[in-house]
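Working through the structure, step by step
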Amino acid sequence: QVRLVESGGGLVQPGGSLRLSCAASGSISGIYATGWYRQAPGKERDLVARITSGGSTNYADSVKGRFTISRDNAKNTVYLQMNSLKPEDTAVYYCNKERVGRDYWGQGTQVTVSS
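As a starting point, this report considers the structure included with it.

Thresholds, definitions, all that
- Residues numbered from 1 in each chain as written.
- Predicted model: local features only at pLDDT ≥ 70, side-chain atom pairs only at ≥ 80, totals over all residues.
- Heavy atoms only, no water.
- Helix = DSSP H or I, 4+ residues; strand = E, 2+ residues; numbered from the N terminus.
- Salt bridge = Lys/Arg side-chain N within 4 Å of Asp/Glu carboxyl O.
- Buried < 20%, exposed > 50% of the residue type's maximum accessible area, 1.4 Å probe, protein only.

**Examining unusual backbone geometry**
- Not every positive phi belongs to a glycine, and Asn 76 is a case in point at roughly 50°.
- Position of Asn 76 relative to the elements: it lies in the loop between strand S7 (67-72) and strand S8 (77-82).
- Phi angles above zero are rare outside glycine, and Ser 84 is one such case at about 50°.
- Within the element layout of this structure, Ser 84 appears in the loop between S8 and strand S9 (91-99).

**Observations regarding the pattern of salt bridges**
- Here the structure, examined in full by the defined rule, presents 4 salt bridges.
- Two residues, Arg 38 and Asp 89, come together in a salt bridge whose shortest N-O distance is 2.9 Å. One end of the pair, Arg 38, is in strand S4 (residues 31-39); the other, Asp 89, is in the loop between S8 and S9, with 51 residues separating them in the sequence. The two residues Arg 38 and Asp 89 agree in class, both being buried.
- Here Lys 64 ties to Asp 61 by a salt bridge, and the two come within 3.1 Å at their closest N and O atoms.

Structure follows, in structure tokens:
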């Protein structure tokens, strides 16, 4: 089993920054990618950023140049640095880890961008 705990969400003004953290514990061997997803009210959960075990990254077009995904393997933690935040970035952000045959999800952390 894998347990994921997200943190770092909150209320921020447009143009501000936040850094989300996803701390993993449990049986994390065989995980080949970690992603950040977000879900706004009434909308589907969409991929924001993803990093593979080899270090390759990809981003949603809407966040390219503003968000950066990174990891600290020693801490089993993946980060999402979010800069130049916009009101449309408001959502619950979820961490996801992929292993052959199943995915693991955290409980989510709320990000609200508002003046």
